[in-house]
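# Survey of secondary and tertiary structure
Here are the chains, one letter per residue:
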Amino acid sequence: MTRTWIGAALAVAVLGGSEPAIAVGHDHADLVVLPDAAAVAYEPGPANLPKGTQISRVAGDPAKPGAFVLRLKIPANTVIAPHTHSKPETLTILSGSIYHEHGRILDKTKGSALKTGGFVYLPEDMPHALWTTDEPVELQVNGSGPFGLTYINPADDPSRNAGGPG
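Nothing here was measured: the structure is a model prediction, and the numbers come from that model.

## Looking at unusual backbone geometry
- Of the consecutive residues Gly145 and Pro146, the connecting peptide bond is found in the cis state with omega at 0°.
- Here Pro146 shows up in the loop between β9 (137–145) and β10 (149–151).
- Non-glycine residue Asn77 carries a positive phi angle of around 55°.
- Following the sequence through the fold, Asn77 ends up in the loop between β3 (66–74) and β4 (79–85).
- The backbone of Asp125 shows a phi angle near 60°, a positive value even though the residue is not glycine.
- In this structure, Asp125 sits in the loop between β7 (119–122) and β8 (128–131).

## Overview of the environment of Ile152
- Inspection of the secondary structure puts Ile152 in the segment after β10.
- Residue Ile152 is classed as partly exposed on the basis of its relative accessible area, which comes to 25%.
- Along the backbone, Ile152 and His83 are 69 residues apart, and their C-alpha atoms lie at a distance of 5.1 Å.

## Considerations on the environment of Ala113
- Checked against the element boundaries, Ala113 lands in strand β6 (residues 112–115).
- Under the relative-accessibility criterion, Ala113 is labelled partly exposed at 40%.
- In this structure, the C-alpha to C-alpha distance between Ala113 and His100, residues 13 residues apart in sequence, is 6.4 Å.
- Ignoring anything within four residues of it in the chain, the contact list for Ala113 reads Ile98 and Tyr99.

## Here's the deal with the packing of aromatic side chains
- Within the structure shown, the criterion is met by two aromatic pairs.
- On the numbers, 5.7 Å between centres and 10° between planes, the contact of Tyr99 with Trp131 is stacked. Note that Tyr99 is positioned in strand β5 (residues 89–102) and Trp131 in strand β8, a separation of 32 residues in sequence.
- The buried category is assigned to Trp131, whose relative accessible area is 3%.
- One Lys or Arg, Lys73, reaches over the ring of Tyr42 and ends 4.5 Å from the middle of that ring.

## Observations concerning the pairing of β3
- Judged from the five bridges that link them, strand β2 (residues 54–59) and β3 form a sheet pairing that is antiparallel. Following the sheet pairing, Arg57 is matched in β3 by Leu70.
- The turn linking β2 back onto β3 is made up of six residues, and Gly60 within it adopts a positive phi angle of 70°.
- Pairing analysis gives nine bridges linking β3 to β9, with the strands arranged antiparallel. Looking at β9, one finds that Val69 is bridged to Asn142.

Scoring rules and cut-offs
Residues numbered from 1 in each chain as written. Predicted model: local features only at pLDDT ≥ 70, side-chain atom pairs only at ≥ 80, totals over all residues. Heavy atoms only, no water. Helix = DSSP H or I, 4+ residues; strand = E, 2+ residues; numbered from the N terminus. Buried < 20%, exposed > 50% of the residue type's maximum accessible area, 1.4 Å probe, protein only. Contact = heavy atoms within 4.5 Å. Phe/Tyr/Trp six-rings, centres within 6.5 Å; stacked < 30°, edge-to-face > 60°. Lys NZ or Arg CZ within 6 Å of the ring centre and 35° of its normal. Pairing = 2+ DSSP bridges.

Structure (structure tokens):
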């Protein structure tokens, strides 16, 4: 048992860099170790998220059955219009702040601020919207796949507009 943890620690120390380190000598091929925030590799978000959004698939695959972990960077002054997800999700705010509102219509006067360390659990198919103001946010999404995002008003889906991923 001790050798397994030492092997994991050595893998983190040796592999470091921008790719997640996989613990060498461990029984689980899907183990992911990120020694710090700098090890998270981001890429442009999918076309159904607002332009400028960045995403990192930390663990798992939201398109497939099973657990997943995503990290998102959402720019300042960005709105993710009212939408639902096909499975429950949790959001944890890693840095910055974002506003969150439950409902099928965006009403910024009713939103609640989620700041660094903030958390929200959303049951399956719960309509909600998110928006940033003058600062960007980095957040972590945990859930189970297959996971999807459906806008309440299909016209709010950025993938329907020209420009594609940010």
